[in-house]
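Chain by chain, the residues run as shown.
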Amino acid sequence: MIQTQTKTVTFDEFVAWYPENSVNKYELHNGVIVEMSKGTGDHSAVAGFISGEVYLEIRQQQLPYLVPREYTVKSVSDKSGYCPDVIVLDLPALESEPRWKKESIITMGASVRLAVEVVSTNWQDDYLVKVAEYEILGISEYWVVDYAALGGRRFIGNPKQPTISVYQLVDGEYQISQFRGDDRVESLAFPELRLTAEQIFRAGLPPTEPS
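Residues numbered from 1 in each chain as written. Predicted model: local features only at pLDDT ≥ 70, side-chain atom pairs only at ≥ 80, totals over all residues. Heavy atoms only, no water.

Remarks on the sheet that holds strand β9 (residues 112-118)
Step number 1: What the six strands build is an open sheet, ordered β4-β7-β9-β10-β11-β12; its pairing is mixed. Two strands bound the open sheet, and with one partner strand each, they are β4 (65-66) and β12 (173-179).
Step number 2: Against the sheet, helix α2 (residues 41-61) engages β4, β7 (86-90), β9 and β10 (141-146), with an angle of about 160° to β9. (Pairing = 2+ DSSP bridges. Helix = DSSP H or I, 4+ residues; strand = E, 2+ residues; numbered from the N terminus. Contact = heavy atoms within 4.5 Å. Axes fitted to C-alpha atoms, helices over the stretch in contact; angles between N-to-C directions.)

Structure representation (structure tokens):
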């Protein structure tokens, strides 16, 4: 994550600034524009696998959901805007989104059925900042996929191990469930999904044979 300026800006100023057709991805963190670091091959593989699996589930179950390519989630505070690695939107709810059709901007948590962050070196943002922001916004389900066990021990245990933390909104507050190894990941957005944590960590590749 690379900070691009020192003067704080509003969300609308960030949107107006955003370079058209940029190959880089930017987020707004508490008024500061940051360039998101390029993900590793493993990071991209895990995010792509999740996106593909939820898309297949949407098709198979004929759910009124959308997995968009471009999007920004605006915070309630008007000081931040985020681009989760994967997002699943509720098509009927998008009809009430004032900025979606023209700007691909999401302003209401009810429009988001699932947001996923695949953890990289800036893991504090995923476990601390975005959990709080998405809870306030009212996003019903948020996954933190820590395939390389980069997060702090207070989040993924000691000794650290690859973990998927699933935050689900209950009475306005996130309740967390964690999944590791052969645990089947339980999702309210996709109750029929049949994936283990290990399958996600390996991006669908079969386990390596012992030498």
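Describing α2
Since one α-helical turn is 3.6 residues long, residues separated by three or four positions face the same way.
Step number 1: Spanning 21 residues, α2 covers 30 Å between terminal C-alpha atoms, matching the ideal 30 Å at 1.5 Å per step.
Step number 2: Following α2 by one or two positions, Gln62 has its phi on the positive side, about 55°. (Expected span 1.5 Å × (residues − 1).)

Some details on the packing of aromatic side chains
Step number 1: Going through the model one piece at a time under the given rule, you end up with 14 aromatic pairs.
Step number 2: The interplanar angle of 75° and the centroid separation of 6.1 Å between the aromatic rings of Trp17 and Tyr18 together place this pair among those described as edge-to-face.
Step number 3: Take Trp17: its relative accessible area is 37%, and that puts it in the partly exposed class.
Step number 4: Given the relative accessible area of 26%, Tyr18 is considered partly exposed.
Step number 5: A cation over a ring is seen here: Lys74 above Phe11, with NZ or CZ 5.9 Å from the ring centre. (Phe/Tyr/Trp six-rings, centres within 6.5 Å; stacked < 30°, edge-to-face > 60°. Buried < 20%, exposed > 50% of the residue type's maximum accessible area, 1.4 Å probe, protein only. Lys NZ or Arg CZ within 6 Å of the ring centre and 35° of its normal.)

Observations concerning helix α5 (residues 123-137)
Step number 1: Spanning 15 residues, α5 covers 20 Å between terminal C-alpha atoms, matching the ideal 21 Å at 1.5 Å per step.
Step number 2: Along α5, the sharpest change in direction is near 40° and occurs at Lys130.
Step number 3: Turning to α5, its buried residues number three or more, namely Trp123, Asp125, Asp126, Tyr127, Lys130, Val131, Glu133, Tyr134 and Leu137. (Bend = angle between axes of the 7 residues up to and from the residue.)

Regarding the layout of surface pockets
Step number 1: By volume, the largest pocket is sized at about 1300 Å³.
Step number 2: Along the walls of the largest pocket sit 46 residues, with Tyr18, Asn24, Lys25, Glu70 and Cys83 positioned nearest its centre.
Step number 3: Going through the elements one at a time, α1 (11-17), α2, β7, β9 and α5 are the ones with two or more residues in the lining of the largest pocket.
Step number 4: With five residues, α2 is the largest single contributor of residues to the lining of the largest pocket.
Step number 5: Across the lining of the largest pocket, the residue classes break down as 20 nonpolar, 15 polar and 11 charged. (1 Å grid on protein atoms, 1.4 Å probe; cavity = no way out; pocket = protein on both sides within 12 Å on 5 of 7 lines; lining within 4 Å. Points joined across faces, edges and corners; volume = space filled by probe spheres on them. Nonpolar A, V, L, I, M, F, W, Y, C, P; charged D, E, K, R; others polar.)

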